[in-house]
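Structural overview for review
Each chain is listed here by its residues.
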Amino acid sequence: MIKVAIFASNNGSNFEAIVKYFKYSRNKKIKKYNLQFVLITNNKRAYVILRAKKLNIKYYIIENDKLDEFLLLNKFDLCVLAGYMKIINEKTLKHCVFINIHPSLLPHYKGIDAIKRIYKDNATNASGVSIHYVNKYIDGGEVIIQKQVKLDKNISYACYKRKVHLVEHKIYPKVIEKFLMSLC
Amino acid sequence: MKLNWKIIENIDCHNIEDEFFKIVGNKRLAQILINRKIDTISKLNKFLNPDNLFAFDYDVFEDMEKVLLRIDSAINNNEKIIIYGDFDCDGITSTAVLYKILKELNANVDYYIPNRIDESHGLNTKALVKLLSKEKAKLIITCDCASSDIACARFVKSFNCDLIITDHHIGKKELPEAYAILNPKIEGSLKENLSLEQIESLNELSGVGVVFKLAYALIKKYKKSQAIIDDLLVLVTIGTIADVVPLLNENRFFVKNGLNLVAYSNMGIKTLVDSVSYSNHKSLTSDFIAYQIIPKINAEGRLMSIKEAFTLLTSYNQDEINYAIMTLTSLNEQRQSLCNQMFIEANKMLENETLENNDAIILYNPNWHAGIVGIVASKLVEKYNRPCLLFTYDKARNLYRASGRSVDEVDIHELIKTQSEFLEFYGGHKGAIGCAFSNKKITFEKLKTNLNNVINEMTKELQYNKYVYIDSVLDFEDLTIDFVKNLSKLEPFGEGNRPPLFLLQDVVLKDKKTIGANNNHLKCYICDNKYNNVFECIFWNRKDISANINSIIDLVFVPKISSFNGETKIQLEIHDIDCKKKAIQDNCSCQKRTLRDILKTACGMVVYASRHKNGEVDLNIIAHKLAVSASFVDMFLHILNDIKMIEIKKQNRNLIEYQFLGSKEMNTIVNHKQFANLNIEFQKINNGRELETVL
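This report concerns the structure included in the present document. Because the structure is a prediction, the values reported are computed rather than measured.

**Considerations on the overall build of chain B**
A tally of helices and strands in chain B yields 24 helices and 21 strands. With respect to the principal axes defined by its C-alpha atoms, chain B has extents near 115 × 65 × 50 Å. In chain B, which comprises 695 residues, the proportion classed as buried is 52%. Within chain B, counting contacts between residues at least 6 apart in sequence, those at least 24 apart form 65% of the total. Total accessible area computed for chain B in this model is approximately 33,700 Å², and 48% of it derives from carbon and sulfur atoms.

Here's what the structure looks like:
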């Protein structure tokens, strides 16, 4: 069995995209290994919990400072951060491989509100999505893949934001799939 | 038929502060508010005086600043602005709000509202080509539409025209590439620093509510007067009521204030209200607007393209307004007559249909008017309490088009979605949809079968139920003028804030009569069992009730204050009646006899005659005593013979001699093969008796 923990704090659209991708995947190799997802959230009111319930995925509400203990007891093959709004401390990072998604072409626009800052600054060179390994620095780990998103000041903020998210939903599951294939 | 009544359970109010009850002024009313989750003083104050809400917070959209700058530049450069609206009342009023303010700012502005019959909701390429090439539009602002129009938005962009979307409908996964989007239901459109309460309030806005945010931002930017705000607030009120959004939070503010402004601002609406002979502007209600004003504004769009309705809302010329009202009134009469005719036709068609299980009402008539099938579908849902889809034929596009409405138990949007592969288009929400199909893909009969199969699968093990939720059970003593006046604190009523319903039990029906031009309403009088406290009641659209005068009934109602000739009194507007109570007077003679009763008596007579008349009976005499026919008695005695309760020794015409053998269970008679014939004979006799009573 392959166990993957997905971390999310709020909406969880990436969480849903990942789970659905593998639910309908025809990748026989991964299916053979019985892939199992769990959701970890630090926010008991997060909408992502509703998504987990609908998708029949087990979820845990865990304070960030209890994470270390939880990951010691429960082993995962991969930890996926998908809109998890807390910093994982260095000690916890040692328990598993962590990957994260960030809505900019790193190293540009690290940190929160990247989409809005890029849109406001019309930073076309930074507009995109990066998936990277997690280290102790915020959005500072080694980049696995990047994809550019066209930024056009003449389209609405909501539309730009949605475009970035749709790219995230498309590439994140594929990166996870590639990683898991390497485990099989 | 009585509906299912549910008395709402009271929420514990022990922890509620005394101050709460003091402000409300009546304990029963306070309990109703608590049951409706208005359970703190702060919530109560916001509900009773919604003035200090967020209605005038306009800086709530991420794109608002961008929009203001773009409109400013369009005004300064005299660029052509087109407002692209929608043909329903929310769409027309939102278009009018934006048009009025942009005219006020001397913008080069025009509007376009698609035709309900030939076009559909939202942007369409044909109209856009005209607007972009002929009208040379440089900025298109949509009202109450376009959140899903991805291809059309791309088309507008390719003409170097900017598109600003204002809407309140949920978009698709992908969003249109518009210059800006003001739509609270689209993620990323609202600013991120808003409170949860404010987001909730913004999410309930109608299309016109969203447009008001933009209009108010423009008013502030260009420092325009209060008079234009008041004028626009009346339009917001009309659109908000028409779109049946919850009348809470900001919507409650708009409607509460807008109703008070009708007498002073917006010339068109004021004249229209006057024309319906409503003398007292002060007591205008949301119901009045919903039933008397909105249908007139909507009538034109249902039958043809919109012109006069828009003139009515935007003109400052009295003659123009009067002409618009005349046209709209006449169109509304036409619309009503078409609706009535279609409703009768649909009912006739239903007589030949067999509705099984939870089947929907799905009918097709190529001659029905596409603009009004939705209204008739609503009426059929109301009457039959089942989902309903009415199809008509669009000759211009060779398509079958339908409007559907549903009951609470069925999400009609989900239902129609299951057939999306056969549909040319579909859209709507849980309670109402519109769709079209071509018979090249599927036949009407096949689609009907498919839909009914899905619906029966969806509603397995459930029944369509229509509930009446009762807020409180009253005694006659509770029904005082002060109590009823106090209830008006909850107004304006509408979606999300329905008028409280009360129950009076065991009341005496004193009198009843039909009223109205077509005798289609019922007026009755009720009193308590001591014949005190008489109240006048009105039951709209009901010609009669099964209860007789002096019988005891339960009734569910909304109490209203009625003033006539200077006299103020309470009138109960009845929602439902339970007539299955015993009459006060002895009405035994009217009670229906059952066959079982007759058989019991007859068996008693057979035993009696065996003991006292040596088992000799005359069929005519027994028939007379039982008030049945001689052949009924004959048949009955032969059944008794067959089941060996008696043994017939001799029969000479009407005279029978028998020997009693022993008692038998009633079921032995019921199970006899001749019992069905006995029953038929009994029914014949009974029908005759009923006819005699009527005559």
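Here the narrative resumes.
**Some words on the overall build of chain A**
Secondary structure assignment for chain A yields 7 helices and 7 strands. Order of helices (α) and strands (β) in chain A, N terminus to C terminus: β-α-α-β-α-β-α-β-α-β-α-β-β-α. Its C-alpha atoms give chain A a radius of gyration of 16 Å, within 12% of the compact-globule value 16 Å for 184 residues. In terms of overall dimensions, chain A has a C-alpha envelope of 45 × 35 × 30 Å along the principal axes. Of all 184 residues assigned to chain A, the portion counted as buried reaches 53%. Nonlocal contacts in chain A, meaning residues at least 24 apart in sequence, comprise 65% of its contacts between residues at least 6 apart. For chain A, the accessible surface area stands at approximately 9,600 Å², while carbon and sulfur atoms represent 51% of it. If the 33 positive side-chain charges of chain A are averaged to one point and the 14 negative ones to another, these points end up 8 Å apart.

**Observations regarding the side chain of Asn-332 of chain B**
Here Asn-332 of chain B is to be found in helix 15 (residues 318-351). What Asn-332 of chain B contacts, discounting residues up to four positions off in sequence, is Pro-295, Lys-296 and Ala-299 of chain B.

**Description of the pattern of salt bridges**
For the structure on display, the rule yields 36 salt bridges over all chains. Note that Glu-62 of chain B and Lys-120 of chain A form a salt bridge whose closest N and O atoms lie 3.9 Å from each other. You can see Glu-62 of chain B sitting in the loop between helix 3 (41-48) and helix 4 (64-76) and its partner Lys-120 of chain A sitting in helix 6 (residues 114-121), one on each of two chains. Its relative accessible area of 11% is what places Glu-62 of chain B among the buried residues. The structure contains a network of salt bridges with shared partners spanning Lys-116, Lys-120 and Lys-161 of chain A together with Glu-62, Glu-187 and Glu-192 of chain B.

**Quick look at helix 10 (residues 226-242) of chain B**
All names here are of chain B. Along its 17 residues, helix 10 runs 25 Å from first to last C-alpha, staying within 8% of the 24 Å computed at 1.5 Å per residue. Of all 17 residues in helix 10, 14 are buried; the element is thus mostly enclosed. Val-244 lies just past helix 10 and shows a positive phi near 50°.

The rules behind the values
Residues numbered from 1 in each chain as written. Chains lettered and ligands numbered in written order. Predicted model: local features only at pLDDT ≥ 70, side-chain atom pairs only at ≥ 80, totals over all residues. Heavy atoms only, no water. Helix = DSSP H or I, 4+ residues; strand = E, 2+ residues; numbered from the N terminus. Buried < 20%, exposed > 50% of the residue type's maximum accessible area, 1.4 Å probe, protein only. Contact = heavy atoms within 4.5 Å. Areas by Shrake-Rupley, 256 points an atom, 1.4 Å probe, with all protein chains shown as cover. Rg over C-alpha atoms; globule rule 2.2 N^0.38 Å. Lys, Arg positive; Asp, Glu negative; His and termini not counted. Charge placed at Lys NZ, Arg CZ, Asp CG, Glu CD. Salt bridge = Lys/Arg side-chain N within 4 Å of Asp/Glu carboxyl O. Expected span 1.5 Å × (residues − 1).

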